[in-house]
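# Analysis of the macromolecular model
The chain contents come next:
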Amino acid sequence: MADVLTETVLPEDLKRFEKIYHEQLYKNDVTPKAQFEYAWCLVRSKYPADIQKGIVLLEELYKTHEEGHRDYLYYLAIGTARLKEYSKALNYVRSFLAIEPGNQQVITLQQTIKKKMEKEGLVGMAMAGGVVLAVGAIVGVGMAIAHKVKS
């Protein structure tokens, strides 16, 4: 399941679905299918700006097109998790599971998101601890030098 969060779209797929979406947008007649396929590619992009754009398109679909709520929630969870907005991603997962409680794919996604939160939380704590140690060492050296100068 970690692959879902790291998988990236092929550039030619993104271009193909982007072209279809923009052609329909130009005619002011975008189908939910075209918007979803483009958003689906965007949330799998390696660029955060693309992922964010995909999230916006999926949120719009979620509000206006009830038929695909499951799919929209699933890819909203993936997109927000890829942007490291884990709390938001888990909210989308919970909304999905309210519709379909036993969906193993989404339960696995939920577990993956929670593991990433824990891992990045531990890394963040380790980095903060390292900074505190470094600052402590600098202060200690400064105090030792100040004490030596006074003597």
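Everything that follows concerns the structure shown earlier in this document.
Residues numbered from 1 in each chain as written. Predicted model: local features only at pLDDT ≥ 70, side-chain atom pairs only at ≥ 80, totals over all residues. Heavy atoms only, no water.

## Structural notes on the side chain of Asn103
Going by this rule: The helix count covers DSSP runs of H or I at least four residues long, the strand count covers runs of E at least two residues long, and both are numbered beginning at the N terminus. Nitrogen and oxygen atoms within 3.5 Å of one another constitute a polar contact, given that in protein one can donate a hydrogen and the other can accept it, and given that sequence-neighbouring residues count only through two side-chain atoms. Two residues form a contact once any of their heavy atoms are found within 4.5 Å.
Along the polypeptide, Asn103 turns up in the loop between helix H6 (86–99) and helix H7 (104–150). At 2.9 Å, the side chain of Asn103 and the side chain of Glu100 are in polar contact. Contacts of Asn103, omitting those with residues within four sequence positions, involve Arg70, Phe96 and Leu97.

## Some words on unusual backbone geometry
The condition is simple: Burial classes follow relative accessibility: with a 1.4 Å probe on protein chains only, a residue under 20% of its type's maximum area counts as buried, one over 50% as exposed, and anything between as partly exposed.
Phi at Asn28 is positive, roughly 60°, even though this residue is not glycine. Relative to the helices and strands, Asn28 is located in the loop between helix H2 (11–26) and helix H3 (32–42). Of the residues examined, Asn28 reaches a relative accessible area of 70% and is grouped as exposed. Even without being a glycine, Lys84 presents a positive backbone phi close to 65°. Examined against the element boundaries, Lys84 turns out to sit in the loop between helix H5 (69–82) and H6. Its relative accessible area of 52% is what places Lys84 among the exposed residues.

## Digging into the nonpolar core
Grouped burial of nonpolar side chains is what soluble globular proteins tend to show. Here is the rule: As used here, the term nonpolar core means buried Ala, Val, Leu, Ile, Met, Phe, Trp, Tyr and Cys residues forming a set that is joined through side-chain atoms within 4.5 Å.
Counting 35 residues, the largest nonpolar core has Leu58, Tyr74, Tyr75, Ile78, Val93, Leu109 and Ile113 as its most contacted members. Listed by contribution, the elements that provide at least two residues to this core are helix H1 (2–6), H2, H3, helix H4 (48–64), H5, H6 and H7. The greatest single-element share of this core, amounting to eight residues, is contributed by H5. Not counting the four nearest positions on each side in its chain, Tyr75 is found in contact with Phe36, Trp40, Val43 and Leu58.

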